[in-house]
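# What the coordinates show
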Amino acid sequence: MAPAVASEQSITEQNVHEKINKQFEELIATLPSDKGAIVPTLFQYQGFWYPPISVFKGVLLMQDHFKAQPTDIFLTSSLKSGTTWLKAIMFSTMNRSKFEFATHPLLTAGPHDCIPYLDAYIIDHDVEALHSPRLFASHSAYSLLPKSVRDSPDCKIVYICRNPKDVFVSHYLFAMKLRPPMLPPLSLEEAFDLFCRGVCEYGPYFEHVLGYWNASLEFPGKILFLKYEEMRKEPVKHVKHLAEFLGKPFSAEEEKEGVIEEIVKLCSFEKLTSLEVNKTGKVAFVPEMQIGNENFFRKGQVGDSTNHLTPEMIERLDKIAEEKLKGTGFKFGESKKY
Ligand code: PAP
């Protein structure tokens, strides 16, 4: 009986992949396209921009086949908003009873190895086989998450956003390291214009943020909305709140023993960048792209964009933000340099 079930599953899997490949090829020919920073072309799918690599197929797979479990936890974000940091914090908070700080997995594994991106992981892993609570990350917009995740009253979503100027600069500098040399140069000015028009991986940025913001207002017990700048200012307060939201509050004894401070220290920019794994290790979210872990750590500061953008650029982006956020009740975290 068991082998028959197993072979049935693999036939189904093969069919699923064939169907997705066909769907992907048919779809991509019909989608609007524009310039990418890391890849030559981005495609706009259901309102958001994707690179035509397998993560895009993963989104289709995820939308069609992922079944949320009530204990699932999602870390969601657009680009360069603090995902790597929050992956480390969420992993160490959720698993704090399993590991000692002196021998913690984060000392030898990058944050991206600890929580997978569902849209990439689902391509060649059996997500059903993971133990609960399953921890996943995704850069996908709220409206593109699997329906079962959005409809589940129990699974949790933690979203982190960051002020758009720092996001743009962080992404541009990251992209320039990864942009293949055979592609023509992409100037800061041109990339900025694309960003302002909403064209960037997983963007438009403001729509991404507002999608999660509105959902967090509608489902406050399900979606926790965090701001990078506020977490930088008061990490202990936010890690404590995060643990409560995830249903794993710190006990009085843990607080007395300084467990929250230990987590904050372990996940700090200074600590993570001092580790060999984050200096020389690599991560492959999708088979066709290996990225050095060091690329996910640059300065980790608030307001560094003022060192890269002209006053005119800042004014343009501030104005777009003002227009996009009007009437939403949402404000980005304070982006002044400190
Ligand atoms: P991703 O979208 O590629 O996953 P993400 O981790 O969201 O990137 O964002 C990277 C930014 O977070 C970088 O910002 P910067 O370019 O302005 O410096 C990176 O330095 C910052 N970052 C990474 N780890 C930490 C950390 N532990 N604490 C604070 N900031 C961090």
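Remember, it's a predicted structure, so these values are computed and weren't measured experimentally. (Residues numbered from 1 in each chain as written. Predicted model: local features only at pLDDT ≥ 70, side-chain atom pairs only at ≥ 80, totals over all residues.)

## Digging into the overall build of the protein chain
Quick note on the threshold: In this description a helix means any DSSP run of H or I spanning at least four residues, a strand means any run of E spanning at least two, and both kinds are numbered starting from the N terminus. Computation of the radius of gyration draws on C-alpha atoms alone. For the globule rule, the value is 2.2 Å times the number of residues to the power 0.38. Counting other C-beta atoms within 10 Å of each residue's C-beta, where C-beta atoms are placed from the backbone, gives the exposure class: buried for 20 or more, exposed for 12 or fewer, partly exposed between. The contact rule is simple: place each C-beta atom from the backbone, and if two of them lie within 7 Å, those residues are in contact.
Counting secondary structure elements, the protein chain contains 16 helices and nine strands. In terms of C-alpha radius of gyration, the protein chain reaches 20 Å, essentially the compact-globule figure of 20 Å for 338 residues. Buried positions account for 39% of the 338 residues belonging to the protein chain. Sequence separation of 24 or more characterises 75% of the internal contacts of the protein chain that already satisfy a separation of 6 or more.

## Focus: the nonpolar core
The condition is simple: Each nonpolar core reported here comprises buried Ala, Val, Leu, Ile, Met, Phe, Trp, Tyr and Cys residues connected via C-beta atoms within 7 Å.
Within the largest apolar cluster, 83 residues are counted, with the highest numbers of intra-cluster contacts made by Ile 89, Met 90, Leu 118, Val 158, Tyr 159 and Cys 200. Once residues lying within four places of it in the same chain are set aside, the contact partners of Ile 89 are Val 239, Leu 242, Ile 263 and Cys 267.

## Examining the packing of helix α11 (residues 235-245) against helix α13 (residues 259-266)
Going by this rule: Note on geometry: axes are C-alpha line fits, over the in-contact stretch for helices, and angles between N-to-C directions span 0 to 180 degrees. The labels follow the angle: roughly parallel below 35 degrees, roughly antiparallel above 145, roughly perpendicular from 65 to 115, and oblique for the rest. Left-handed describes a crossing in which the near helix is turned anticlockwise from the far one by less than a right angle; the clockwise case is right-handed.
Between α11 and α13, the least distance of the axes is 9 Å, while the angle of their chain directions is 110°. Considering their axes alone, α11 and α13 lie roughly perpendicular with respect to each other. In the packing of α11 onto α13, the handedness of the crossing is right-handed. Contact residues: α11 offers Pro 235, Val 236, Val 239 and Lys 240, while α13 offers Ile 260, Glu 261, Ile 263 and Val 264.

## A look at the sheet that holds strand β2 (residues 41-45)
Using the following cut-off: Here, any two strands with at least 2 DSSP bridges between them count as paired.
The three strands are arranged β1-β2-β3 in an open sheet whose pairing can be described as antiparallel. Looking at which strands have only one partner, the edges of the open sheet turn out to be β1 (33-35) and β3 (48-50). Neighbouring strand axes in the sheet, compared pairwise and without regard to direction, differ in orientation by 40° on average.

## Some words on the site of the ligand
Inclusion rule: Using a C-beta atom placed from the backbone, a residue is scored as near a molecule or strand whenever that atom is within 6 Å of it. Note on residue categories: nonpolar means Ala, Val, Leu, Ile, Met, Phe, Trp, Tyr, Cys or Pro, charged means Asp, Glu, Lys or Arg, and polar means any other residue, Gly included.
The local shell around the ligand holds 20 residues, among which Thr 83, Thr 84, Ser 170, Arg 298 and Gly 300 are the closest. Those elements giving two or more residues to the shell around the ligand turn out to be α3 (83-94), α7 (164-178) and α14 (269-274). Counting residues per element, the shell around the ligand draws most heavily on α3, which supplies three residues. When the residues that make up the shell around the ligand are grouped by side-chain class, the tally is seven nonpolar, eight polar and five charged.

## Digging into α3
Quick note on the threshold: Multiplying one less than the number of residues by 1.5 Å gives the expected span of a helix.
A rise of 1.5 Å per residue sets the reference length of α3, with its 12 residues, at 16 Å; its end C-alpha atoms lie 16 Å apart and thus fit the reference within 8%. Most of α3 is tucked away: 11 of the 12 residues are buried. What α3 keeps buried is the set Thr 83, Thr 84, Trp 85, Leu 86, Lys 87, Ala 88, Ile 89, Met 90, Phe 91, Ser 92 and Thr 93.

## Describing the pairing of strand β5 (residues 135-138)
Because side chains alternate across β5, one face comprises the buried residues Leu 135 and Ala 137, and the other comprises Phe 136 and Ser 138, equally buried. Bridging between strand β4 (residues 73-77) and β5 involves four bridges; their strand directions are parallel. Bridging across to β5, Leu 75 finds its partner in Ala 137.

Geometric values such as these leave the question of function open.
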